[in-house]
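Breakdown of the fold
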Amino acid sequence: MNEKTDEKTIKLLEFDVVRERVANCARSNEAQARILQETPGCGDNVNRIKQGAQAIVSRITSGDVEPQGRLPSIGETLPVLNVEGAALGIENAFAIGGFVREGRALLRWLGDLDAASGIPDCSAVESEVFRVLDKDGKLRDLPELRVIKERIAAINRELQAISASYTNNDSTRRMLQSDLPSQRNGRLVIALKHQFKGRIRGIVHEVSASGQTLFIEPEEVIEKNNQLVIEQRHFEAEVRRILRELTMKIAAEREALALFHEKIIFLETLRARARYSNDTRGIFLPPDDGGQDHVIMLREARHPLLGSKAVPIDLLMTARVLVISGPNAGGKTAALKTVGLFALMNQAGIALPLAEGSRLPVFEGVFADIGDDQSLEKSLSTFSAHISAIASILKNAGKNSLVLLDELCAGTDPAEGGAIAMAILDSILEKNSFCIVTTHHGALKNYAFSNTRVENASVEFDPATLSPSYRVVMGLPGESRALDISLRCGFPVELVDRARVNLDEGRGNVSALIARLKEKYSAAEEGLRELALEKQRLAEERRELGLRELRLRQKEAELKSGSIENLRRLLDQSRKTLENLVREVKEGELSREKTLKVKDFLQELDEVVDRETDSLKAEKTELSRQEKTVTGDDAVPVYTAIHPGLAVLAGDGKLRGKVRRPAKKGYWVVEIGSVAMVFPETELVAENPPQNAVRLAPASVDYSLPTNSIPPELNVRGMRLADAIDALQRHIDSALVLGLKEFSVVHGKGDGILQRGIHDYLKDQSIVEDFHFSHPDFGGFGRTEVTLRQ
């Protein structure tokens, strides 16, 4: 997109809010930051983003368990690998290992997607990191460290024995302020009462604030403390050596690791877009082919920030300029902002909440003037502020830019304002830009009628309720309805009546013309409604005729079945007769050859009857299949389309459920009770087949999340232990039902009661495969990661 699309337009259209919502769907701070820095663009890169995100949507809806682990941030750590002799800290090394581990899990889940190709294998880095560190990010008990830790432990035992000799001796115990030893600067000391100063020889490290206690390192402890310090320094040096060697091994893979990091973060930005698409039930528009660059077509477009309150709008703009008129608070500005926001979202590779078949061109820039920018500091009135903003837009807009002007040239004399507005639109047409304008100016409505490159539209108003319906009507201008809205807002009736008298005759004629146009439009809509009902009636008649034909064929099959049954009885009777005949002739001169011929005759007759029976069975099966297709029994009725929200009978067991969303091609996700299951479309039957009622206006959309989902994180902070265990048990049960393998429990640190209780509970659960504390970036000891067996 043109770089002249500035932050002001992005904020006016609230694209920054949508972008932040998409970023929040990412499980990586680095991916979130990258999304927040992205601006709408154009070309192959945007198409590649949309195709990749669409492929990941298919993976999300496939039913396979999606990895839920977060990707640690390592972008600032990777440059350290280029410094010779550098050593990573334990936390940084653990972050690199965790990033590779989670990245490889993401790749395994994505499978053979094109977006996941060409990524180097960094499993060696993961292996090296977790050879040195455990899953909690702590040093493993390596052989080279074990010996030093044993020496340190032995020295500590000796120090404890020396300390105990003071507390166990009656003569020295009374000199001590406390029976417990203490430490100062990493050295063991004892707390001696001030009045016994000098009775125990040693080094005084500290005196209490009151002066009543001396912290003394006894002489016999000094050497042991020195040995302990030496061993501890030895241990730290050995750890640094191990980390240096680990850093060198990771640095050997730094180029592959840098590419791996870049690709995984890109994939995570795609996964965030896919999650947002799944949450909002949005679609990715196909790449613009340049063949329909003069058409903006939005079908059932819902503003993404309005949630369930959004009223879907249909908009088809075939001209270069669209003039939208109608009452105040009727949805003009909402329609204007919806088109602009969708343009930015589409060119940022973000899914749009609208219906299939929609289309948007690729714009070179998007410019908007919406709202009131008056400024006392700059001596700008409302009109002056708008004109200044429009002058800047006209300077920067070019061919195929999208210009959005709200209440064009309002706030001044209507005649002069209308004249200026027409001049502005003439300039925009000369630039060959797209433009959508909202207005109350009658002059602009007439301008749209008289110019073939400009068209009218309006927001509908219900005169019965004196309220807007927020539906966009293409091709017709709208009345401002200021008097009706004034009444609705509590304005005195007598003043409204006086205002009606003050309206001039010319204005009245214009209103009457608009009213007649709306009547004709309503009549056309009624004709379409009647046509749709007639089509429904004809379809029902065709179905009845099909049923009659099937019944006739079934009757024919029944008659044929009766004939075959009679033939079988005849065959049985003939067999007995012939067998008797054979016995009789055997006593005579009948030869063996003649007997075999008789048996062959019987066998051939048997085979003829069997063939007729098989043919009848096949015909009955075919009739049954056709009848199911026509009547809708045990199959998807030919007149019912499966769609989200449809009540259905699913599977062979005819389970009652509700269709939630499409899964992979030919399959649907159905909610049965609290469980989501995937069924092929051929196994779904509408529970109460619809009557194909004609629906002229789209319904509002509910953006709430499915009720059969659970969060990947359980927060039990502030709960009592018993309540926390109950919540954890319910979360594990739900995770098992919905196939969630991994989740986290936030319990906080505090006194450690919740932490220990939850870990003790998880230890006893056979369904729990593993659990451990989170990485310090994600909660450390205050958060536990849980993995369930599948």
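Up top is the structure these notes are about.
The notes below deal with the structure included here. (Residues numbered from 1 in each chain as written. Predicted model: local features only at pLDDT ≥ 70, side-chain atom pairs only at ≥ 80, totals over all residues. Heavy atoms only, no water.)

Quick look at the pairing of strand β7 (residues 321-325) now. β7 sits mainly inside the fold: five of its five residues count as buried. Of the two faces of β7, both are covered, the one formed by Val 321, Val 323 and Ser 325 as well as the one formed by Leu 322 and Ile 324. As paired elements, β7 and strand β10 (residues 434-438) share four bridges and run parallel to each other. Residue pairing for β10: Ile 324 is matched across the bridge by Thr 438. Taken together, the five bridges between β7 and strand β11 (residues 454-462) define a ladder with parallel strand orientation. (Buried < 20%, exposed > 50% of the residue type's maximum accessible area, 1.4 Å probe, protein only. Helix = DSSP H or I, 4+ residues; strand = E, 2+ residues; numbered from the N terminus. Pairing = 2+ DSSP bridges.)

Next up on the list: the sheet that holds strand β3 (residues 202-207). In spatial order, the strands read β1-β2-β4-β3; together these four strands make up an open sheet with antiparallel pairing. Each edge of the open sheet is held by one strand with a lone partner, namely β1 (182-184) and β3. Averaged over all pairs of adjacent strands, the angle between strand axes in this sheet comes to 50°, irrespective of strand direction. Bridge count between β1 and strand β2 (residues 187-193): three bridges; the pairing is antiparallel. Following the sheet pairing, Gln 183 is matched in β2 by Leu 188. Packed on one face of the sheet, helix α9 (residues 219-251) meets β2, β3 and β4 (213-218) and runs near 70° to β4. (Axes fitted to C-alpha atoms, helices over the stretch in contact; angles between N-to-C directions. Contact = heavy atoms within 4.5 Å.)

A few words now on the side chain of Ser 458. Positionally, Ser 458 belongs in strand β11. With a relative accessible area of 2%, Ser 458 lands in the buried category. Within polar-contact distance, the side chain of Ser 458 engages the backbone oxygen of Leu 476 at 3.1 Å. Once residues lying within four places of it in the same chain are set aside, the contact partners of Ser 458 are Ile 324, Ser 325, Arg 471, Val 472, Val 473, Leu 476, Pro 477 and Gly 478. (Polar contact = N/O pair within 3.5 Å; in protein donor to acceptor, adjacent residues only side chain to side chain.)

A separate point is the sheet that holds strand β19 (residues 742-746). A sheet is described by the order of its strands in space; here four strands give the open sequence β18-β19-β21-β20, paired in mixed fashion. The open sheet is flanked by β18 (713-715) and β20 (768-773), the only strands paired with a single partner. Recorded for the sheet is a direction-independent mean angle of 20° between the axes of neighbouring strands.

With that settled, consider the pattern of salt bridges. Scanning all chains against the criterion turns up 32 salt bridges. Glu 66 is the salt-bridge partner of Arg 275, the closest N and O atoms lying 2.9 Å from each other. A residue pair is termed long-range when its members are at least 10 positions apart, and Arg 275 in helix α10 (residues 254-280) and Glu 66 in the loop between α4 (44-60) and α5 (90-110) qualify at 209 residues. Judged by its relative accessible area of 14%, Glu 66 falls in the buried class. Close ionic contact of Asp 141 with Arg 146 constitutes a salt bridge, the shortest N to O distance being 3.1 Å. The network of salt bridges with common partners includes Glu 66, Glu 268, Arg 271 and Arg 275. (Salt bridge = Lys/Arg side-chain N within 4 Å of Asp/Glu carboxyl O.)

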